[in-house]
Amino acid sequence: MHQSTVNLPQVPEYPEVKIDTGNDSEQWSNSLGAKAKDDSQSFVSVRTATSIGESIYASTILALEDDRRRSQQINDQQWVLQRKKIGLPRKSVRTSEALLETERNKMSTIMFIESHFNRKECHRYVQGNNKINPSQCFCGGEISSHGPEVRNKFAGLRSRAPREADIQEESEDEDSNSIDGNHTDTSSITELLTKAENKSGRTRKIKFVDERRGVGGENEVKATDKTVEIRSTAGSRWDANTALKELSTNAYGYITFEGRNTKPASYIRIADNSTMKSVIDLMVHHWDILTPRPHLVLSIVGGAKNFQMDGRKKEAFKTGLISAARSTHAWIMSGGTNTGSMKLVGEAVTEGQFLVNQGSELTLGLKALGVCSWGYIHANETLINQSSSEFNQVHYNANVKIKRHVNPPLSPDHTHFLLVDDGYRNSYIGSGGIGSFISRLEKRLMEPPPTGLGIPVITLLLEGGSDAINEVRDNLNEGQPCVIIEGSGRAADILGYAYRNAVKNKTTGSYSFPTNHQKKVEALVMEHYSDRLMGPDGEQKKTKILSWIEECIRFGDLITIYDIRTEKDLDKKILSALLKGDLNIKQQMYLAMIWDRVDIAEERFFLNQKVSWDESEVDDIMTQALLMQRTNFIEVLTLNGFSFSRYLTVERLRLLYNEGASQHRHLTEQIESLVGPCPYIHLRHIHKLLKYVMKSHRLSQYQNDRPNYNGVDTVDKNNLARFENPFMELYIWSVLCFKEKLLDFFWTKSDQPLVTVIVGASIYSALIKLYTNQQLKVKKVNNLMDKYIGVANKLTKIAYEKDREKAIDLVYVRFNRFGERSLINLGYIGNLRAFIANEVCQEYVNQSWRRGISKLSVRTAFTAIFIPPLVFTSLVKFLKLGDDGGELTLAQKLFVFYRAPLVKYIEHCISYSCFLLLYTYVAMFDFEWEYQKTEIVLYVWFLILILDELREFLIQPSSSPARKLRDYSTSVWNKFDVLIYTVAVFSLILKNFSNTFQVARALFAFNAAFLYTRLFRVYHANWSLGPKLVIFHRMLPELMIFMVLLLIFILGYGTASQALINPGKEFELSNLSELLNGILYLPYWQMYGELNLDKITVTNRSVCHTESFCEDMHFYNYVTPVLLAVYLIVANVMLLNLLIAIFTSVFEEVQENSKEVWKWEMYRLVEEFDQKPGLTPPLVILEDLWKLGKGIWKKTCRKKRENLDEYMKSTLEALQLFEKDCLNEYLNEQDNDDRFKLENQILGLEERLQRLSERIEVVGMTEDISIRGKENHQTDGGKNSARFSEVLDRMDSLEETMAQIHSTSSRYLEGINRLEALIIDSGISGIKNKKN
């Protein structure tokens, strides 16, 4: 696909969708986007649609808006229970308003129903001519169903009269009623009376008199001698117009089906002439059936009571139906009874049902709408309301055995029921009102807003009687596409055959089938409807059916055939059928994308050379594909020539961020935490966010795209600016807007895949802090971070195995966009420890540790510091970093040696040891009231150390002081240094005052302990000691927890023992230290074995409280040892062993990751000393002054800076190609891994099994062997049939063993191979026998 010929439909621009519901219209939703009202229009806006395709697209956008608006408040249950537990009043404004609103909504719905919907009742009972139940009225109901006034009036009356159209006997399939027609011949009444009296054996003269025509005749039959005269006058006839009256509906509410745990189904009884405006209003605003918003209605037409389908076909139908329904949020509309195709549809809906979250509420994702006749359903009297002010809550039993001439029950798998009342009872067709109602409803659903919903309707023909053909004909006349399920039987097979053999007239575009196939169609009609084509008018009925078929075929462009016996993907056929409607190519493309069916798009658009697209239109399509995460469409568009470099501009990326933020509110919250209120996102806001995460970010397209605060609308030239690496920009957009499905596509297309995934993982690492209160979200983000760290590690491993030097060079590459930082430094900023620990990064660490030196041991480095000439010996080998690319000069070697981080580290260790010795000497011998010389030197050294610490703070990667402080405090040792220097400063200050001198000495002494603890930092460079420090650090929190537990027992025992040892002692502040010593310190030391038994002995004395009562203190000497024994058992045995167990657990847990953490700390150590000056404190002040002067010279005197980027350009290009090569190898490995996964092998075996099943059917058809013909095994092909049956049995056996495929996959594969050979042999031999 050439870029210049790309032409996709522009996005329809509609700001809102409205539906006309009478005097006023209700707005469903506003345009999608986070932009303020005064800002420019969002790209994804929804206005009043003018076509079905645009309405469907609008529905999709509004569905996204509905998701974005879902409430995040605490749900009602938690709110009530929390208040109840706290003790707050039960009655509150919120509950009162909520209950009032609920009651108001309920009454509003009831008033709406009673004012807009009626029912129909027969108010004139006249016995009809029903042969099965003669007592039925012409309306089909018994006299008991007509109400008390009718029952009283006609009690005992046996008169009967003809009606305009007699109701004939209901056939086995209720859909056949309209074919037979209604008889007006008066002989039908005579026949009915004759049959009714035959059982008595009496003879009767029946005389029929029609006053309009005279005597109709006299018939002699076996009857009594009594003559019954029936008079039929125009006034006494049963006429629907006068007999049926409308009253307010009396049946609406909710049905709970017995034995089902599903949500109750909504239902209502409505007259067949109800206005569609009211019906739509009820469904939309009172039933809230538009959540989730549908893009399609599937109208099921088919067989009822006699419908049957075998297991494989049934599963294929259900799977395809639900797949199509779920991808489009389709409504499924059927007859709603628990019989035939409607029962199958209900089962499919239940199996594929899903829930949609609406804040604290859940609603069903699939809506199954049952539209059936009120008078035809079982136990409809139970649905009548007991009270007009309440919704009826019905417990309905749908488990009723289906019998002939018995009304079927409602389907328990439907979610909504429209019970259409045309006044007739016990007949599905009745007066035909339900058919008219369904047609009007479907038409209104298809009409675009504001009159309709703009939802296309597709007819699915599944088996069916002759009336199904008529209904399909009517729908095709309305331009409604139809999918015929060929192989399901009867009507579907007849129309399928007719369509396949029809010929299209190239001039008119209409279809017709040749004469030679007309006889076959006629034979099929006779075969399937022979029982209904009996009698004198059978030929007329057959002619009518054939005319219906011919009329259906004329609309061949709207018909899609799905052969359920051989084909797959019913959902694809359904969606393809919709594209046959009155939609243009652009709208069809939108629909295919909305449904995420790239196969349809490829077949109809991309492989069609006649279709061309404009760049602007394909850009719009790409934007929507990005927002909807349609990865398959993005890939297909890319393969067909779409250019992201041309597509992605600043303006379009800004748009994507705003639309993405409207769907992912956390992005807006994070930006607002950095920049304040942000009604509309600009790329400068994203720039600040990336700067916060990555410490530095420089990209002019982002920095120049800022809000226009002066209120003047100007054309920003930056809007059309494009990006050098658009895939990386879209990857960052996908990460920030949580478009997970797009991530893999964009990072694999990026020019710099390694840095792309590292940036993504770093962003996820920062986002984890944002979701601290959402554990599921944290887990999800953490999994994504781990995934892309794993990708980075895999890429570097592949690179390391291919070329060690180039792999290390990849880690060395600096990125201008992120502050000239290397890949490993970006991983460090993102806190990606697992990435720092990989072997390539550790090679980088090792090289950086000996910067510029290839061979240098610690012993040699230590000695060479004091004996510099050793640097020039073979003990030290330098890299070829000379000015000419060769060896370094002697002076350069000395400079490189003393600048190596390893050497700096040893120098600082020596310097710190000298400092520590000086501090120890002062603390022990020279800390006097008067300042000593050694003490002054120590304080100067302290000052230099503090200045060096300030330098370390200033070189942190972030820009603002607050963020620098945050970066600085990430190191435990930096915090420890601040503590040391703070204590030293306080000690120095307090030393100057006599009252606080002792405190100053104590602080000075304590600081000595801190300084010695600081020596642990030296151990980090050791492979053995470093991980132990990590474990030690992890144990400290556990030790604190143990001390908290121990403190409880110490206080308990100490208080109890002291209360017995010193009873009656008065409290004095002067004795407070002694009291604390007895309560805290004594029990603490006793735990370690210092029992001090003499201190728990009570003095042998007596205290007299009264003259008659004296307390003997010696008694308590027997009690305190018992307390001590119990305390030691708990503290010394139980708690100490608990501490040991905790430490053991921590050790085992941390030991696995301690190496990783140590590598992380080692990198931090290398980076720290790499940035430190070459001179150590206190001489470092000299180098700091020199650097200050050099910096001033660079700013003022240096005229030109050498550009080394051009020098490295070829190397960087080669590394980029190398990185791409590693990426390709990684993708190939991933493909191979996926190909050989057991799950995929199982899927492959299942596909082969499916193909074999299809081949069996083909072979079976070739040999004329089918289930229906199994009785003919005695024919010439009997042997082949037996072999074929054996194959079928083996296939069944294989299907049963699929559950054990994981353990027997190899044997299973071998069995399939043998089976395949057997089927081929059987097929070949069968064909040969056929020829013979």
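This text gives an overview of the structure that appears in the document. (Residues numbered from 1 in each chain as written. Predicted model: local features only at pLDDT ≥ 70, side-chain atom pairs only at ≥ 80, totals over all residues. Heavy atoms only, no water.)

## Observations regarding the pairing of strand β21 (residues 559–563)
Then, in step 1: Among the 5 residues that make up β21, 5 are buried, leaving the element largely enclosed by the rest of the structure.
Then, in step 2: Of the two faces of β21, the one carrying Ile559, Ile561 and Asp563 and the one carrying Thr560 and Tyr562 are both buried.
Then, in step 3: Alignment of strand β18 (residues 482–486) against β21, held across 5 bridges, turns out to be parallel. Paired with Ile484 across the bridge in β21 is Ile561. (Buried < 20%, exposed > 50% of the residue type's maximum accessible area, 1.4 Å probe, protein only. Helix = DSSP H or I, 4+ residues; strand = E, 2+ residues; numbered from the N terminus. Pairing = 2+ DSSP bridges.)

## Structural notes on the environment of Cys1110
Then, in step 1: Mapped onto the elements of the fold, Cys1110 is located in strand β27 (residues 1110–1112).
Then, in step 2: Classification of Cys1110 as partly exposed rests on a relative accessible area of 39%.
Then, in step 3: Among all residues touching Cys1110, those that are not within four sequence positions of it are Val1103 and Cys1104. (Contact = heavy atoms within 4.5 Å.)

## So, the side chain of Gln842
Then, in step 1: Positionally, Gln842 belongs in helix α33 (residues 839–849).
Then, in step 2: Of the residues examined, Gln842 reaches a relative accessible area of 11% and is grouped as buried.
Then, in step 3: Setting aside residues up to four positions removed in sequence, Gln842 forms contacts with Ile836, Ala837 and Lys1159.

## A closer look at the packing of helix α22 (residues 650–663) against helix α26 (residues 726–736)
Then, in step 1: As a packed pair, α22 and α26 sit with axes 10 Å apart at the nearest point and diverge in direction by 15 degrees. Our classification of the angle between α22 and α26 gives roughly parallel. Pair α22 / α26 crosses with right-handed handedness. Contacts between α22 and α26 involve Leu653, Leu656 and Tyr657 from the first element and Glu729, Leu730, Ile732, Trp733 and Leu736 from the second.
Then, in step 2: Partitioned by chemical class, the residues of the contact of α22 with α26 number 7 nonpolar, no polar and 1 charged. (Axes fitted to C-alpha atoms, helices over the stretch in contact; angles between N-to-C directions. Parallel < 35°, antiparallel > 145°, perpendicular 65-115°, else oblique. Left-handed = near helix turned anticlockwise from the far one by under 90°. Nonpolar A, V, L, I, M, F, W, Y, C, P; charged D, E, K, R; others polar.)

## Describing α26
Then, in step 1: Within α26, 11 of the 11 residues are buried, which leaves the element mostly enclosed by the surrounding structure.
Then, in step 2: At the exit of α26 stands Phe738, carrying a positive phi of roughly 60 degrees.

## Observations regarding the side chain of Thr860
Then, in step 1: Along the chain, Thr860 falls in helix α34 (residues 858–866).
Then, in step 2: Using a relative accessible area of 11% as the deciding quantity, one classes Thr860 as buried.
Then, in step 3: Among the polar contacts made by the side chain of Thr860, one reaches the side chain of Ser857 at a distance of 2.7 Å.
Then, in step 4: The contacts of Thr860, once residues within four sequence positions are left out, are Leu875 and Val876. (Polar contact = N/O pair within 3.5 Å; in protein donor to acceptor, adjacent residues only side chain to side chain.)

## Comments concerning a positive patch on the surface
Then, in step 1: Among the surface-exposed residues, Lys1190, Lys1194, Lys1195 and Arg1198 lie close enough to one another that they form a single positively charged patch.
Then, in step 2: Examined against the element boundaries, Lys1190 turns out to sit in helix α45 (residues 1180–1196).
Then, in step 3: With a relative accessible area of 37%, Lys1190 lands in the partly exposed category. (Patch = residues over 30% accessible without salt bridge, like charges linked within 9 Å, V, L, I, M, F, W, Y side chains within 5 Å. Areas by Shrake-Rupley, 256 points an atom, 1.4 Å probe, with all protein chains shown as cover. Salt bridge = Lys/Arg side-chain N within 4 Å of Asp/Glu carboxyl O. Lys, Arg positive; Asp, Glu negative; His and termini not counted. Charge placed at Lys NZ, Arg CZ, Asp CG, Glu CD.)

## Description of unusual backbone geometry
Then, in step 1: A cis amide bond links Thr291 with the next residue in sequence, Pro292, at an omega value of -5 degrees.
Then, in step 2: Residue placement: Pro292 occurs in the loop between α8 (276–286) and β10 (297–302).
Then, in step 3: Going from Pro1177 to Pro1178, the amide bond is cis rather than trans, its omega being 5 degrees.
Then, in step 4: Its identity as a non-glycine residue notwithstanding, His329 has a phi of 55 degrees, on the positive side.
Then, in step 5: Here His329 shows up in the loop between α9 (311–328) and β11 (331–334).
Then, in step 6: A positive phi is found at Asn1092, a non-glycine position, where the angle reads about 50 degrees.
Then, in step 7: Position of Asn1092 among the secondary structure elements: in the loop between α43 (1072–1087) and β26 (1102–1104).
Then, in step 8: Overall, the relative accessible area of 28% leaves Asn1092 in the partly exposed class.

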